[in-house]
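A look at the structure
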Amino acid sequence: MTTLARGLDTLTRDALAVLQPGFTGTTAPDWVLRRLGEGLGSVGIFGRNINSSEQLAALTAQLRAEREDLLVAIDEEGGDVTRLEVRTGSSFPGNLALGAVDDTALTQAVAREMGRRLAACGVNLDWAPSADVNSNPDNPVIGVRAFGADPQLVARHTAAYIRGLQGAGVAACTKHFPGHGDTAVDSHHAMPRIDADLDTLTARELIPFRAAVAAGTKAVMSAHILVPALDPGLPATLSPAALHGLLRAPVSEGGLGFEGLIVTDGMEMQAISAAYGIERGSVLAIAAGADAICVGGGLSDEDTVVRLRDALVAAVRAGELPEARLADAAARVRALGDWARQAGGPGAAEGIAPAPDAGLRAARRALRVTPGDQPYEPPTGPAFVAAFTPMANIAVGDETPWGVAAELARLLPGTGTATYGQRDIEGMADGVPALIANVLGKAADRRIVAVVRDVHRHPWMADALDTLLAARPDTVVVEMGVPQAPPTGALHIATHGAARVCGLAAAEVITGGVAGG
């Protein structure tokens, strides 16, 4: 292991220690290895860094050879948000599916298996679970990433998830504090605002976070959201009232009493970068009580690390950021690194019995199947899958496949598919009727399976589905988002998420196989 480089002062080392940067490539760039020697305490791993589990394990071993207490973080929620399986879709259903089953033992088992796989790859910090209460069904960024809309349900499954993940030696990072569920804006693009009063926040948003702290979550991620009841001017990530005054404050003083690591959401997200810039935003976040700056989803170069390091150092020297606050943040990063070094790693994974089918079993149990007016007859020959696709939010990404076509084609060889979006309708002179005529022409005499995602949020999608069902009432409908709209179709299957295993579970039911529920 490389020893720390000499000649750097404590202030500079502390500034590097609080950064959680990303990088490009499936091997570690020289600049990352060099900065680890200078005090960098964490790195973030994204889909672009992963080709296979074996390759990821080699990458983390390369990084850890430079610093054995390194925090290697990843955004692995399972379900719609996966990095380990970014090119194939996840082997685990997401939170909404687990909440729909409402079996905390199952949630813990799924999280434990996920933690086992992460630990085997050398990852020891997961930016999960989402403890958001999805109280706004039109939320464009949370949705199926939440366990549900009931605070108590979300709380018990958040706690179970933390127990499972950390039982495998992987630190949980519960997000997005103080709760991103009641928003209608995606903070990747702009600043969301929650106008709930403090009593509502206490009875809704904060309940799962209190449960997370009680369950021992090692980290909490802040949200880039404005909550005037807590701070009328600053988003939670930059707000001393939200972080120091609520999350850190003792329970006896109305706070959550959290003593672990506070991590920011990605600082290049527009809610912060557009209004404050990442340098100023990072200084304000550390001053407010954050301990680690997450950056790298979009900015993944050495220059970003140097800019943020220098901004923190300059802020201390200018008296804008107390040196003791930066030192405390760096100490918390190192303390979690020590915990992870002792609790995690491939050795911890070897002590846990693999449960390779845990995700599929959960996905099957999460299905909600509603038959139509007539008895359902499964197709015996090839089907045609029409996927009505909304724009993917940045957290999910558009590189991860979803739907039922691939899984259905394995069960019904010859099954075809086509994807349709709002732009397709806008590009046709006759709009929806022309689009559905295209679907009918491609399907010919094959059974149509219409796959939708949050149809209640997309009027164009609802219109297309209604028009299709009027022409072909025997169409099977698979809703892979939040099942808010009434069930329709000859058979309606709500999967509560778009993970690969959710598609497989739905395909089984379509072909008359394993029943959901």
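Whatever comes next refers back to the structure up there.
The structure reproduced in this document is the subject of the present report. (Residues numbered from 1 in each chain as written. Predicted model: local features only at pLDDT ≥ 70, side-chain atom pairs only at ≥ 80, totals over all residues. Heavy atoms only, no water.)

1. Points about the environment of Thr60
Tracing the chain through its elements places Thr60 in helix 3 (residues 53-64). With relative accessibility at 2%, the residue Thr60 sits in the buried group. C-alpha of Thr60 to C-alpha of Val72: the two residues are 12 residues apart in sequence and 7.4 Å apart in space. A distance of 3.1 Å separates a polar atom in the side chain of Thr60 from the backbone oxygen of Ala57. (Helix = DSSP H or I, 4+ residues; strand = E, 2+ residues; numbered from the N terminus. Buried < 20%, exposed > 50% of the residue type's maximum accessible area, 1.4 Å probe, protein only. Polar contact = N/O pair within 3.5 Å; in protein donor to acceptor, adjacent residues only side chain to side chain.)

2. Observations concerning the packing of helix 1 (residues 10-17) against helix 12 (residues 302-317)
The contact between helix 1 and helix 12 brings their axes to 9 Å, and the two run at 130°. Our classification of the angle between helix 1 and helix 12 gives oblique. Of the two elements, helix 1 crosses helix 12, and the hand of that crossing is right-handed. Touching Leu11, Thr12, Ala15 and Leu16 of helix 1 are Val305, Arg309, Leu312, Val313, Val316 and Arg317, all from helix 12. (Axes fitted to C-alpha atoms, helices over the stretch in contact; angles between N-to-C directions. Parallel < 35°, antiparallel > 145°, perpendicular 65-115°, else oblique. Left-handed = near helix turned anticlockwise from the far one by under 90°. Contact = heavy atoms within 4.5 Å.)

3. Here's the deal with the packing of aromatic side chains
One pass over the structure, following the stated rule, counts four aromatic pairs. Arranged with centres 5.3 Å apart and planes meeting at 90°, the rings of Phe177 and Phe209 form a pair that is edge-to-face. Of this pair, Phe177 sits in strand 5 (residues 171-177) while Phe209 sits in helix 8 (residues 206-214); the two residues are 32 residues apart in sequence, bridging distant segments of the chain. With centroids separated by 5.9 Å and ring planes inclined at 35°, the aromatic side chains of Phe388 and Tyr420 adopt a geometry described as tilted. Of this pair, Phe388 sits in strand 10 (residues 383-388) while Tyr420 is found in strand 11 (residues 416-420), placing the two residues 32 residues apart along the sequence. Phe388 gets classed as buried once you look at its relative accessible area, which sits at 0%. When its relative accessible area of 4% is taken as the criterion, Tyr420 is described as buried. Sitting above the plane of the Trp402 ring, Arg453 keeps its charged end 4.5 Å from the centroid. (Phe/Tyr/Trp six-rings, centres within 6.5 Å; stacked < 30°, edge-to-face > 60°. Lys NZ or Arg CZ within 6 Å of the ring centre and 35° of its normal.)

4. Quick notes on the sheet that holds strand 12 (residues 447-452)
Strand order in the open sheet formed by six strands is 9-14-13-12-10-11, and the pairing between neighbours is mixed. The open sheet has two edge strands with one neighbour each: strand 9 (368-371) and strand 11. Within the sheet, the average angular offset between the axes of one strand and its neighbour, ignoring direction, is 15°. Judged from the four bridges that link them, strand 9 and strand 14 (residues 491-494) form a sheet pairing that is antiparallel. If you follow Thr370 over to strand 14, its bridge partner there is His492. Across the face of the sheet, helix 19 (residues 459-471) comes into contact with strand 10, strand 11, strand 12 and strand 13 (476-479) while running at roughly 165° to strand 12. (Pairing = 2+ DSSP bridges.)

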